[in-house]
Amino acid sequence: MNINNLYNFKNPVRHFLNIGDVRLHTNVEDVEIRDLTWTQPIQFRVRKDESEYRRLKMPNILNFLCALNRFKDSTNFFEFEEIDIRKRLIPNTETGDFATGVYDVQLESDFEKLCVYDNLLKLDIKSYYERIYTHDISFENAGDENFLTNLNAGNTNGLIMGNFISLYFAEKYLKDISVDLLRMFTQENIDCDFSYFSDDFYFFCNIKDNENVIRIFDRILEKYDLERNDGKIETWTYLTYNDYNLSEKYWKKITSDSKRRFNEDRHDNILYFTNQLIYRLSNLKEYKLKKTFLNTFFKSTYFYTLDTTKFNIEPYNFHQLCYIFKFSPETMLYSINRFRQSALFNSDNFKKFLFTRFKEILSTSFNDEQLYYYYSIKMLGFNDILENTVDMVVDCNNQLLISYYLKDRVFNTEHIEKLKLKTDEKYWFQNYHLILYTNLIDDLESSINRYLMPSYAIKDRQKICYTNFYTLNLNSAISLIKDIELVVDNIGDYMSSLIDERHEFFGDPYDLEDENEDEVQEYTED
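Residues numbered from 1 in each chain as written. Predicted model: local features only at pLDDT ≥ 70, side-chain atom pairs only at ≥ 80, totals over all residues. Heavy atoms only, no water.

1. Topic: the packing of aromatic side chains
Counted only if it meets this: Aromatic rings from Phe, Tyr and Trp, taking only the six-membered ring of Trp, are treated as a pair when their centres fall within 6.5 Å; an angle between ring planes under 30 degrees marks them as stacked, one over 60 as edge-to-face, and anything in between as tilted. With a 1.4 Å probe rolled over the protein chains alone, any residue whose accessible area is under 20% of its type maximum counts as buried; one over 50% counts as exposed, and the rest are partly exposed. A run of H or I in DSSP counts as a helix once it spans at least four residues, and a run of E counts as a strand once it spans at least two, with each numbered from the N terminus. Charge-over-ring placement is defined geometrically: NZ (Lys) or CZ (Arg) within 6 Å of the ring centre, and within 35 degrees of the ring normal.
The final tally for this structure, using the stated rule, is 54 aromatic pairs. Relative to phenylalanine 203, the ring of phenylalanine 194 lies with its centre 5.8 Å away and its plane at 35°, an arrangement referred to as tilted. Taken as a pair, phenylalanine 194 and phenylalanine 203 share a single burial class, namely buried. Relative to phenylalanine 327, the ring of tyrosine 323 has its centre 6.3 Å away and its plane inclined at 35°; by these criteria the two rings are tilted. Placement of both tyrosine 323 and phenylalanine 327 in helix α13 (residues 315-327) is noted, with a separation of four residues, approximately one turn of the helix. Chaining the aromatic ring pairs together yields one cluster made of Phe9, Phe71, Phe77, Phe78, Phe80, Phe98, Phe139, Phe164, Tyr168, Phe169 and Phe197. Seen from the ring of tyrosine 494, arginine 14 lies directly overhead, with NZ or CZ sitting 5.0 Å from the centre. Directly above the aromatic system of tyrosine 202 lies the positively charged group of arginine 88, at a separation of 3.7 Å from the ring centroid.

And the structure:
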């Protein structure tokens, strides 16, 4: 098992985590529920759209490892496809992402259903994770619920978002909703084919049944003390759905054109795709679509295997890439390592770009993008940017970024003293590194008790359990965050796994980006 992928599933922040190296002070099977207590997760905010964020919560690591051991043998824990045939996407714990090819299959199935039915109704559940009542979950063993609620300060109302355990129980709960929906549609003789991905439900039906489908969905949700997000009723026809999904055809077209223009024997090829990415981006209407379009291209097999040393990077390529990085900083995770040999990306101009954008993103709540800029700054060795942003970082709410600054020894004495004032349990992630990288480690037992001990750990056996766990890892100098060069390696491993998965699904050899090239040409020609 790749523990990082289970601790934080899907979000790229998992590439920075080092949970897999954490040691246990005893066999995990020997840790009893009475040795543990309620613990506070830390918050990590990721961009949702142009102005809003989604809150991931990272649980106490000891509690998570014990919960994972408890649930890993549960029915279909690693086999989501067996939970319900109506699930649209399947997790791959090896990549920490959803399985390759399943999206393609679902999309083709959607278009087939839009030929059979009048429309697609897309509805979603309002604040789904936050409103799941753990008492209503069907657990397989007595005492299971305590392992789950211990991850969320004992709360029975809501699951913390971000880890694989929560995803599993959220998906199991959706199966019950799915069964009730099918029963109601059958009872009322409504012809409706539906599927779902997390809290998003896709109902394929005829126009005359639209109101009944919505009514039944509302009634079933009410049974589970949930409600529909009434501001997000989406209605799609074959043509509108096709227009919405043009982004995939766009990047495949860009890839195929770029390949045709490439000469293996030359070292001054034109970096054709940057101009085309900007052009196609302007044709997409929604922020989410634009961001997915860019991220998908830079995670493609084509880009990952591209030999960038055989291209001339012109000034216009440079400012186009800067705009792309600004629009979707995640693209830097998959590309900066490929461009860092270029003089343009080691220039004062790019340094100014990173400095200005990093300061700007530090003034927002988007913790994920703050981390991506930090990654790029470290990759290019612009360490003075870190020194010039230290006052902003010490006051930010990004515990991972603060931990990196502690690891880099950027904070001065005044900053360290300021951080030492934050003794609340909700700061445990940065406080772990505060102990690891400052003189607090000299009085380890006292530091653990002050900065890391869960506030609900009042019994001696609980205190001993957490003290032994933290003592072992701190004395072993185990960081909870990876060195940046190891992050580079981790992203490389992730991309290699993605490519292998594509080959396995589509056949080997199979060039995913060349699929239906004539069709791509037809759909994207102006």
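Structure shown, so let's carry the discussion forward.
2. Section: the packing of helix α19 (residues 399-407) against helix α21 (residues 428-436)
Put simply, the test is: Throughout, an axis means a line fitted to C-alpha atoms (over the contacting stretch in the case of helices), and angles, computed between N-to-C directions, take values from 0 to 180 degrees. Any angle from 65 to 115 degrees is called roughly perpendicular, while one under 35 is roughly parallel, one over 145 is roughly antiparallel, and all others are oblique. It only takes one pair of heavy atoms within 4.5 Å for two residues to be counted as in contact. Only Asp, Glu, Lys and Arg are considered charged, only Ala, Val, Leu, Ile, Met, Phe, Trp, Tyr, Cys and Pro nonpolar, and every remaining residue, Gly among them, polar.
Where α19 contacts α21, the two axes come as close as 8 Å, and the packing angle between them is 5°. The orientation of α19 with respect to α21, classified from their angle, is roughly parallel. Between α19 and α21, the contacting residues are Gln399, Leu400, Ile402, Ser403 and Leu406 on the first element and Trp428, Phe429, Gln430, His433 and Leu434 on the second. Split by residue class, the contact of α19 with α21 holds six nonpolar, four polar and no charged.

3. Observations concerning the environment of asparagine 349
Tracing the chain through its elements places asparagine 349 in helix α15 (residues 348-362). The class of asparagine 349 is exposed, set by a relative accessible area of 56%. Considered as a pair, asparagine 349 and phenylalanine 318 are 31 residues apart in the sequence and their alpha carbons are 9.9 Å apart.

4. Comments concerning the pairing of strand β5 (residues 119-124)
Note the threshold: Pairing between strands is defined by DSSP: at least two bridges between the two strands are required.
In terms of burial, β5 is largely enclosed, as six of its six residues are buried. With burial as the criterion, each face of β5 is covered, one bearing Asn119, Leu121 and Leu123 and the other bearing Leu120, Lys122 and Asp124. Pairing geometry for β5 and strand β7 (residues 200-205), over six bridges, is antiparallel. Counted as the bridge partner of lysine 122 is tyrosine 202 from β7. Note that β5 and strand β8 (residues 234-236) share three bridges and pair antiparallel. Within the sheet, the bridge partner assigned to leucine 121 lies in β8 and is threonine 235.

5. So, the pattern of salt bridges
Selection criterion: Salt bridge, as used here, is a side-chain nitrogen of Lys or Arg placed within 4 Å of a carboxyl oxygen of Asp or Glu.
On inspection of all chains with the given rule, the structure shows 29 salt bridges. The residue arginine 228 makes a salt bridge to aspartate 218 at a minimum N-O spacing of 2.7 Å. With a gap of 10 residues between them, arginine 228 in the loop between α7 (210-223) and β8 and aspartate 218 in helix α7 connect regions that are remote in the sequence. For arginine 228, a relative accessible area of 14% gives the class buried. The salt bridge partner of arginine 340 is glutamate 485, with a shortest N-O separation of 3.8 Å. In this pair, arginine 340 sits in the loop between α14 (331-339) and α15 while glutamate 485 sits in helix α24 (residues 484-506), placing the two residues 145 residues apart along the sequence. Here the salt bridges do not stand alone but share partners, grouping Lys10, Asp97 and Lys299 into one network.

6. As for the nonpolar core
For soluble globular proteins, the rule of thumb is that nonpolar side chains tend to be buried together. In plain terms, the rule: Here the nonpolar core consists of buried residues drawn from Ala, Val, Leu, Ile, Met, Phe, Trp, Tyr and Cys, with membership extended through side-chain atoms lying within 4.5 Å.
Core analysis: the largest hydrophobic core is formed by 165 residues, its most contacted members being Phe203, Phe273 and Phe350. Looking at this core, the element that brings in the most residues is helix α6 (residues 164-187), giving 12 residues. Once you skip the residues sitting within four places of it in the chain, phenylalanine 273 turns out to touch Ile254, Ser258, Phe297, Phe298, Tyr302, Phe303, Leu306 and Phe339. Counting nine residues, the second-largest nonpolar core is a separate cluster that includes Leu107, Leu120, Trp236 and Tyr241.

7. Considerations on α14
With eight of nine residues buried, α14 is to be regarded as a mostly interior element. Looking at α14, one finds that the buried residues are Thr331, Met332, Leu333, Tyr334, Ser335, Ile336, Arg338 and Phe339.

8. Focus on unusual backbone geometry
Phi angles above zero are rare outside glycine, and aspartate 225 is one such case at about 60°. Note on aspartate 225: relative accessible area 57%, which makes it exposed.

9. Comments concerning the sheet that holds β8
What links the strands of a sheet is backbone hydrogen bonding, and the strands pair in either a parallel or an antiparallel sense. Reading across from one edge, β6-β7-β5-β8 is the order of the four strands in this open sheet, with antiparallel pairing throughout. Each of the sheet's edge strands pairs with one partner strand only, and the pair in question is β6 (193-197) and β8. Here the strands of the sheet are splayed against their neighbours by 20° on average, with no regard to which way each runs. Here β6 runs beside β7; their pairing, made up of five bridges, is antiparallel. The partner of aspartate 193 across the bridge, within β7, is phenylalanine 204. Sheet strands touched by α6: β6 and β7. Its angle to β6, the strand with the most contacts, is close to 165°. With respect to the sheet, α7 is in contact with β5 and β7, its orientation differing from that of β5 by roughly 20°.

10. Some thoughts on the side chain of asparagine 152
Residue placement: asparagine 152 occurs in the loop between α5 (144-149) and α6. Each residue touching asparagine 152, except ones within four places of it in the same chain, is listed here: Thr39, Pro41, Lys57, Gly158 and Ile160.

11. A short note on the side chain of histidine 433
Applicable threshold: What qualifies as a polar contact is a pair of N or O atoms within 3.5 Å, subject to a donor-acceptor requirement within protein and to the restriction that residues adjacent in sequence count only when both atoms come from side chains.
With respect to the helices, strands and loops of the structure, histidine 433 is situated in helix α21. You can call histidine 433 buried: its relative accessible area is 0%. A polar contact is formed between the side chain of histidine 433 and the backbone oxygen of phenylalanine 429, at a distance of 2.9 Å. For histidine 433, the contacting residues outside a window of four places in its chain are Ser403, Leu406, Ser479, Leu480 and Ile481.

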